[in-house]
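# Structural overview for review
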Amino acid sequence: MVVHARALVGSLVVSMLVLGHVSPARAEEPPAPDAEDGFGACDKFEEKADKEQEAWAREQPKVPFKPEKEETILGGPWVEITRAIGHSGGLIAATVLPSLGAQLRDSKPAPTISFPWSFQIGPALSCTREKGTFVVRKHIPNRIMLEPAIVPVSGSSVGMWVRPGYRLLVHPSSWVAGFGGGVGSTIDLFGFTSGGKKEPFRASLSPEAIIHFGHCCDRGFFTITVRTDIYFAGEDRVLVGGTVGYTYF
């Protein structure tokens, strides 16, 4: 089992190297953002930012009316589309880029490719605001998950599963990493054993531990998960795995 665990860790490290990148050093670091932690503190922080923005807007001179002019390239509205893509690049990347991982099946780890989509619910626990702006970025710890995935098995066999779940992820504004856990159920749509034999349609109880790397409350994080799936049917009843990937929240 020690050898298997080492193989699993090795697979996750390779996945992280594939997804990772090194940011160039900056000559000057920007000033640290204002930050607050706590459910009530974030609400008051946002109210303060809204009031300051309203006061700033009242002090601005009136802008004369300027007729709108459509910007086009080759007759099409490509300017607006490219601007929208530029503003939403991080969200698009987090949506379409898969998380890479491995799942320990009997004698060797099987690679996994998944898309862990996260939807935040409830109040914010941490929040930040860049100097000179009115935008408050929030970290909401409660989120629901939907994670479809494919698992290449032996030969030409490909397994597929989907995992609905819940996560609690705490990431204070002053920490470079957040920590949390979650629980869900991995539903095998097309499952295979480590030997390539087809598993029945089945579901698992699936707890997980999470590490969340990045500066709260910016957008864009590297998220590492370690998960155990306890199935109620089939041959491979207990599977241990993990993933690493880029997430927006």
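Bear in mind the structure is a predicted one, so any value in this text is a computation, not a measurement. (Residues numbered from 1 in each chain as written. Predicted model: local features only at pLDDT ≥ 70, side-chain atom pairs only at ≥ 80, totals over all residues. Heavy atoms only, no water.)

### A closer look at the sheet that holds strand 1 (residues 34-37)
Strand order in the open sheet formed by 3 strands is 1-5-6, and the pairing between neighbours is antiparallel. Each edge of the open sheet carries a strand with a single partner, namely strand 1 and strand 6 (136-139). Along the sheet, successive strands turn relative to each other by an average axial angle of 15°, direction set aside. Here strand 1 pairs with strand 5 (residues 126-129) via 4 bridges, running antiparallel. In the sheet register, Asp34 faces strand 5, and the bridge partner there is Arg129. This element, helix 2 (residues 39-59), spans strand 1, strand 5 and strand 6 of the sheet and lies at about 25° to strand 5. (Pairing = 2+ DSSP bridges. Helix = DSSP H or I, 4+ residues; strand = E, 2+ residues; numbered from the N terminus. Axes fitted to C-alpha atoms, helices over the stretch in contact; angles between N-to-C directions. Contact = heavy atoms within 4.5 Å.)

### Brief notes about the nonpolar core
Side chains of nonpolar character tend, in soluble globular proteins, to be buried together. Of all hydrophobic cores here, the largest spans 7 residues; its members are Cys42, Phe45, Ala49, Ala124, Cys127, Val136 and Ile140. Excluding residues within four positions of it along the chain, Ile140 makes contact with Gln120, Ile121, Gly122, Pro123 and Ala124. (Core = buried A, V, L, I, M, F, W, Y, C linked by side-chain atoms within 4.5 Å. Buried < 20%, exposed > 50% of the residue type's maximum accessible area, 1.4 Å probe, protein only.)

### Some words on the state of the cysteines
Counted by the stated rule, this structure contains 2 disulfides. Sequence-ordered numbering of the bonded cysteines in the protein chain yields a pairing of 1-2, 3-4. (Disulfide = S-S within 2.5 Å.)

### Topic: the packing of aromatic side chains
Considering all chains together, one arrives at 4 aromatic pairs under this definition. Aromatic side chains Phe115 and Trp117 sit 6.3 Å apart centroid to centroid with 40° between the ring planes, which places their arrangement in the tilted category. Classification of Trp117 by relative accessible area gives partly exposed; the value is 32%. Geometrically, the ring pair formed by Phe222 and Tyr246 is edge-to-face, given 6.2 Å between the ring centres and 70° between the ring planes. Taken together, the residues Phe222 in strand 12 (residues 221-231) and Tyr246 in strand 13 (residues 238-247) connect sequence positions 24 residues apart. When its relative accessible area of 22% is taken as the criterion, Tyr246 is described as partly exposed. (Phe/Tyr/Trp six-rings, centres within 6.5 Å; stacked < 30°, edge-to-face > 60°.)

### Here's the deal with the confidence of the model for the protein chain
Of all residues in the protein chain, 79% have pLDDT values of 70 or greater, and the mean over the chain is 82. Low confidence marks residues 18-26, where pLDDT is under 50. Its contacts with residues over four positions away, or in another chain, come to 8 contacts. (pLDDT = per-residue confidence, 0-100.)

### Describing the side chain of Thr225
By the secondary structure assignment, Thr225 is in strand 12. Residue classification places Thr225 among the buried residues on the basis of a relative accessible area of 2%. A polar side-chain atom of Thr225 sits 2.6 Å from a polar atom in the side chain of Thr243. Residues in contact with Thr225, not counting those within four places in the same chain, are Arg167, Glu208, Ala209, Ile210, Gly241, Gly242 and Thr243. (Polar contact = N/O pair within 3.5 Å; in protein donor to acceptor, adjacent residues only side chain to side chain.)

### Notes on the pairing of strand 5
What you see with strand 5 is no split at all: Ser126 and Thr128 on one side and Cys127 and Arg129 on the other are buried throughout. The pairing of strand 5 with strand 6 spans 4 bridges and is classified as antiparallel. Residue Ser126 lies in a different strand from strand 6, and its bridge partner there is His139. Two successive antiparallel strands, strand 5 and strand 6, enclose a turn made up of 6 residues, where Gly132 displays a positive phi of approximately 80°.

### Observations concerning a negative patch on the surface
The grouping of Asp43, Glu47, Asp50 and Glu54 at the surface amounts to a negative patch. You can see Glu54 is positioned in helix 2. Using a relative accessible area of 47% as the deciding quantity, one classes Glu54 as partly exposed. (Patch = residues over 30% accessible without salt bridge, like charges linked within 9 Å, V, L, I, M, F, W, Y side chains within 5 Å. Areas by Shrake-Rupley, 256 points an atom, 1.4 Å probe, with all protein chains shown as cover. Salt bridge = Lys/Arg side-chain N within 4 Å of Asp/Glu carboxyl O. Lys, Arg positive; Asp, Glu negative; His and termini not counted. Charge placed at Lys NZ, Arg CZ, Asp CG, Glu CD.)

### With respect to unusual backbone geometry
Note the cis peptide between Cys216 and Cys217, where omega equals 5°. Relative to the assigned elements, Cys217 resides in the loop between strand 11 (202-213) and strand 12.

### What to know about the pairing of strand 8 (residues 158-170)
Put simply, side chains in a regular strand alternate between the two faces of the sheet. Two elements, strand 7 (residues 142-152) and strand 8, share 11 bridges in a ladder whose sense is antiparallel. Residue pairing across strands places Ile150 opposite Met160, the latter belonging to strand 8. Where strand 8 and strand 10 (residues 187-190) come together, 3 bridges link them in antiparallel fashion. The residue of strand 10 that forms the bridge with Met160 is Phe190. Sheet topology places strand 8 next to strand 9 (residues 177-184); 6 bridges connect them, and they run antiparallel. Each bridged residue has a counterpart across the sheet, and for Leu168 the counterpart in strand 9 is Gly181.

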